[in-house]
Amino acid sequence: MRVETTRTAAPVRLQHACAVYSSSADLVEQVAPVVADAAGRGEAVALSVRPETEARLRDAAGTARVVTLGTGIPARSSGQTTAARLARELRELTSQAGAVLAVSEHDSALDGIDGRYWTELDAAVNVALSDLPVSLFCFYPDMPLHSEILDGAIANHPLLFERGRLHVNADHRPPRDVLAGMPAAPPVLLGAPDLDMVFSAWQLHEVRAAVADLAAATAFDTARSEDVVLAVNEIATNAVEHGSGEARIALWIAGDGLVAEIDDTGEALTEPLPGLRAPHPADPRGRGVWIARQLCDVLHVWRDHSGTHVRMHAAP
């Protein structure tokens, strides 16, 4: 599957900083003054931290507006999906409140087998949030279980926060370069699908019909079924247009919705994290993955020796 790189109409406004902490108390001691300063400037504060950390940072924010990020359906260990959701939440918040200070705290439950989730997430954040007036401070433990976590954090953050000050990170690299060395990980294996078929461009109508039939067996209403069919069709069309001309789709009816996976043997992606940023208005193509991300609860793209793969999960 070949996905075209899209342009962006807006300059980079995101300030993305990495910091390390030795304990929860150390984290709060470092960032509480930053939260208080932002509150004093009238900025909103967005938090994706542990409950005990959140309580103490809310105290530091005083009467400023404070919101909790990342509630709702889990992103199923897809860093790119988490970044897409953060972008939607923060885009809405900045449209209402202007500049926002956001604070993120590492959660070891999301490490996976090698910590690759965090590298993918930070790389995706640099794409998805680039045009937003957000100062995002990402805190990582100084001794994580996987050394790759800190390696990825250093590579992904343009800024470092040390001893109460921000400074430029000389080791920062663009997302494409970071993910060339540590690409997005595949999701967990699923059991036998409810439907498995190989298709070409001439059979896209069969793909849409199959998705519609399985969606009818779930709790989806008509509008949500149409959303799912459209999302799958966008990815399936992209696969046969830019891949080898033939792709495979597997569909599962899950207890919390519908899962679709599309695999093809197409060329390497020109963009390692497609669909995280709205296409430039002048670009006639490159909208399919963006549209599908808006319609799905989870959309995860990864590559391996066999080609390009996209797994989508849609809840009712």
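Above this note sits the structure.
Positions within a chain are numbered from 1, following the residues in the order the chain's sequence is written. Reporting in this predicted model follows two pLDDT cut-offs: at least 70 for local features of residues, and 80 or more for side-chain atom pairs to be given and counted; totals over whole chains, interfaces and linings ignore these cut-offs and use all residues. The basis for the side-chain values is all heavy atoms of the structure; hydrogens and waters are excluded.

What follows deals with the overall build of the protein. Working definition: helices are DSSP H or I runs of at least four residues, strands are E runs of at least two. Numbering for both runs from the N terminus. When you go through the protein residue by residue, the secondary structure sums to 9 helices and 12 strands. In terms of overall dimensions, the protein is globule-like: its C-alpha atoms have a radius of gyration of 20 Å, near the 20 Å expected for 316 residues. When its C-alpha atoms are laid out on the principal axes, the protein stretches across 60 × 40 × 40 Å. For the protein, buried positions account for 52% of its 316 residues. Pairs at least 24 apart in sequence give 72% of the contacts found in the protein among residues at least 6 apart. Using a 1.4 Å probe, the Shrake-Rupley method yields the accessible areas, and only the shown protein chains count as cover for residues. Counting only carbon and sulfur atoms, one obtains 54% of the accessible surface of the protein, whose full area is about 14,400 Å². As used throughout, the charge tally considers Lys and Arg to be positive and Asp and Glu to be negative, leaving His and the chain termini uncounted. The atoms used to mark charge sites are NZ of Lys, CZ of Arg, CG of Asp and CD of Glu. Separation of charge centres in the protein, based on 26 positive and 42 negative side chains, amounts to 5 Å. All radius of gyration figures rest on C-alpha atoms, and the globule criterion is 2.2 Å times the number of residues raised to 0.38. Here the term buried applies to any residue with accessible area under 20% of the maximum for its type, exposed to any over 50%, and partly exposed to those in between, with areas from a 1.4 Å probe on protein chains only. Contacts are assigned to residue pairs with any non-hydrogen atoms lying within 4.5 Å of each other.

Moving on: the sheet that holds strand β7 (residues 165–168). Two strands qualify as a pair provided that DSSP identifies no fewer than 2 bridges between them. Spatially, 7 strands are ordered β3-β2-β4-β5-β1-β6-β7 in an open sheet, and the strand pairing comes out mixed. Strands at the two margins of the open sheet, each flanked by one partner only, are β3 (66–68) and β7. Across this sheet, the average inter-strand angle for adjacent strands is 25°, counted without regard to direction. A fitted line through C-alpha atoms serves as each axis, taken over the contacting stretch for helices, and the angle formed by two N-to-C directions is quoted from 0 to 180°. Lying on the sheet, helix α3 (residues 79–97) is in contact with β2 (44–48), β3, β4 (100–105) and β5 (134–141); it crosses β2 at an angle near 165°.

Pairing is antiparallel across the open sheet formed by 5 strands, whose spatial order is β8-β9-β10-β12-β11. Strand pairing shows two members of the sheet lacking a second neighbour, β8 (195–200) and β11 (298–304), which therefore form its edges. Pairs of neighbouring strands in the sheet enclose a mean axial angle of 15°, with direction left out of account. Most of the contacts of helix α8 (residues 222–242) go to strand β10 (residues 257–264), to which it runs at about 10°, and overall it touches β8, β9 (246–254), β10, β11 and β12 (307–314).

The next thing to look at is the packing of aromatic side chains. A pair of aromatic rings is counted whenever rings of Phe, Tyr or Trp (Trp by its six-membered ring) have centres within 6.5 Å, and the orientation is called stacked for planes under 30 degrees apart, edge-to-face for over 60 and tilted otherwise. Summed over the entire model, instances satisfying the criterion amount to 4 aromatic pairs. Ring geometry for W118 versus Y140: centroids 5.9 Å apart, planes at 90°, classification edge-to-face. Of this pair, W118 sits in helix α4 (residues 116–128) while Y140 sits in strand β5, placing them 22 residues apart in sequence. Accessibility assignment for this pair places W118 and Y140 in one class, buried. Between the aromatic rings of F137 and F161, the centroid separation amounts to 5.1 Å while the plane-to-plane angle is 85°, which identifies the pairing as edge-to-face. With F137 in strand β5 and F161 in strand β6 (residues 159–162), this residue pair connects regions lying 24 residues apart in the sequence. Its relative accessible area of 6% is what places F137 among the buried residues. Through successive ring pairs, a cluster of aromatic residues spans Y117, W118 and Y140.

Below, the discussion takes up helix α9 (residues 288–295). Note on helix geometry: an α-helix contains 3.6 residues per turn, so any two residues three or four positions apart are oriented the same way. Turning to α9, its buried residues are G288, V289, A292, R293 and L295. Seen end-on, α9 carries its buried residues on one side only, within an arc spanning 165°. Tucked inside the fold, the buried residues of α9 contact α3, α8 and β11. Picture the helix axis, draw a direction to every C-beta atom, and the arc is the one those directions span.

Despite not being glycine, R163 shows a phi value in the positive range, around 50°. Of note, R163 is situated in the loop between β6 and β7. Looking at R163, the relative accessible area reads 78%, which means it is exposed.

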